[in-house]
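Examining the three-dimensional arrangement
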Amino acid sequence: MSRRLVLVALLFTALYLSSNADGYPCSSTEGLPLVRNISELTQNSYGRPGLSHMTVAGSLLHGMKEVEVWLQTFASGSHTPIHRHSCEEVFVVLKGSGTLYLASNSHSKYPGNPQEFPIFSNSTFHIPVNDAHQIWNTNKEEDLQFLVIVTRPPVKVFIYDDWHMPHTAAKLKFPYYWDEECYLIPPTKDEL
Ligand SMILES: *[C@@H]1O[C@H](CO)[C@@H](O)[C@H](O)[C@H]1NC(C)=O
Ligand SMILES: *[C@@H]1O[C@H](CO)[C@@H](O)[C@H](O)[C@H]1NC(C)=O
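In this report, we go over the structure that sits alongside the text. Note that the structure is a prediction, hence the values are computed from the model and not measured.

A separate point is the packing of aromatic side chains. Tallied over the full model, the rule gives 9 aromatic pairs. Centroid distance F91 to F125: 4.7 Å. Interplanar angle 10°. Geometry classified as stacked. Linking F91 in strand β4 (residues 89–95) with F125 in strand β7 (residues 124–127), this pair joins segments that are 34 residues apart in sequence. With respect to burial, F91 and F125 carry one shared label: buried. Between F91 and F146, the aromatic rings sit 5.0 Å apart at their centres with planes inclined by 85°, giving edge-to-face as the arrangement.

As structure tokens, this is what we get:
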């Protein structure tokens, strides 16, 4: 490698390290218009079949401190994992229909059989803190689309293999799928 190349490489490494110093390399609204066209924001499946996720306003992406807003679309038959988090979460269903499975059993050993709630276009619901839940698009005809508002971002999600897995065995997935590329600092423990 020529000396010049080495210098350039060093410069880029230094820039990279300094931009990551606070652990939020993606956090910036600089250069972003204040009013953004949702149709032009980036969507991604993050490797999850049937999912399209967009961070409308994010902690790591935009420096939000208290809330985060997502727009998510689930194709027929696709679903979230069974999971819990110690933040509040509000859903506003924009399109389609599906099923919310909710186990309000954070004081027992494991979630147990969940209650089923039909969800539908123009419905809203919230998930109590630490309740295990899962959302399925059970509609064979249509996509299910909703806005999700979560507090205390970036979200720390504990994932269950099934409804009888002990709360203490649920696996922390942090940073969550869409936060992975922006997050570089190890998580703090935040378990039940
Ligand atoms: C928002 O983006 C969509 C897709 O690019 C475009 O069709 C629409 O006209 C845009 N809306 C405005 C108000 O610019
Ligand atoms: C949702 O409900 C509100 C309040 O009744 C209504 O104004 C709005 O048109 C509804 N939207 C849809 C998509 O049905």
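There's plenty left to go through after this.
Moving on to the nonpolar core. F91, L100, I119, F125, I135 and F146 are the most contacted members of the largest nonpolar core, which totals 21 residues. Put simply, the parts of the chain that give this core at least two residues each are β2 (67–74), β4, β5 (97–103), β7, β9 (144–151) and β10 (157–160). For this core, the element with the most residues is β9, which contributes 4 residues. With residues near it in sequence (within four places) discarded, L100 still touches Q115, E116, F117, I119, F125, I127, H133, Q134 and I135.

The 5 strands lie next to each other as β1-β2-β9-β4-β7, forming an open sheet whose pairing is antiparallel. Each edge of the open sheet carries a strand with a single partner, namely β1 (51–57) and β7. Strand-to-strand twist across the sheet, computed as the mean angle between neighbouring axes with direction ignored, equals 25°. In terms of strand pairing, β1 meets β2 through 6 bridges, oriented antiparallel. Bridging from a neighbouring strand, L51 pairs with F74 of β2.

P153 connects to P154 through a cis peptide bond whose omega is 0°. Among the secondary structure elements, P154 is positioned in the loop between β9 and β10. Residue P175 is reached from F174 by a cis peptide bond, and omega for that bond is -5°. Along the polypeptide, P175 turns up in the segment after β11 (171–173). The backbone of N122 shows a phi angle near 70°, a positive value even though the residue is not glycine. As for its position among the elements, N122 is in the loop between β6 (115–120) and β7. In the Ramachandran plot, N130 falls in the positive-phi region, its phi being about 70° despite a non-glycine side chain.

Further remarks concern the site of ligand 1. Ligand 1 sits among N37, S39 and E40. Side-chain polar atom of N37 to an oxygen atom of ligand 1: 2.2 Å apart, as the coordinates give it. Between ligand 1 and E40 there is a distance of 3.0 Å, counted from an oxygen atom to a side-chain nitrogen or oxygen. Calculation on ligand 1 without its partners gives an accessible area of 360 Å², and the protein chains cover 27% of this total.

Here the focus is the pattern of salt bridges. Scanning the model with the defined rule gives 2 salt bridges in all. One salt bridge in this structure joins K171 and D161, with 4.0 Å as the shortest N-O distance. Taken together, the residues span a long stretch of sequence, with K171 in strand β11 and D161 in the loop between β10 and β11 at a distance of 10 residues. The exposure class assigned to D161 is exposed, which follows from its relative accessible area of 56%. The salt bridge partner of E180 is K173, with a shortest N-O separation of 2.6 Å. The exposure class of E180 is partly exposed, given its relative accessible area of 40%.

Criteria and thresholds
Residues numbered from 1 in each chain as written. Chains lettered and ligands numbered in written order. Predicted model: local features only at pLDDT ≥ 70, side-chain atom pairs only at ≥ 80, totals over all residues. Heavy atoms only, no water. Phe/Tyr/Trp six-rings, centres within 6.5 Å; stacked < 30°, edge-to-face > 60°. Helix = DSSP H or I, 4+ residues; strand = E, 2+ residues; numbered from the N terminus. Buried < 20%, exposed > 50% of the residue type's maximum accessible area, 1.4 Å probe, protein only. Core = buried A, V, L, I, M, F, W, Y, C linked by side-chain atoms within 4.5 Å. Contact = heavy atoms within 4.5 Å. Pairing = 2+ DSSP bridges. Axes fitted to C-alpha atoms, helices over the stretch in contact; angles between N-to-C directions. Near = heavy atom within 4 Å. Polar contact = N/O pair within 3.5 Å; in protein donor to acceptor, adjacent residues only side chain to side chain. Areas by Shrake-Rupley, 256 points an atom, 1.4 Å probe, with all protein chains shown as cover. Salt bridge = Lys/Arg side-chain N within 4 Å of Asp/Glu carboxyl O.

On their own, these measurements won't tell you what the molecule is for.
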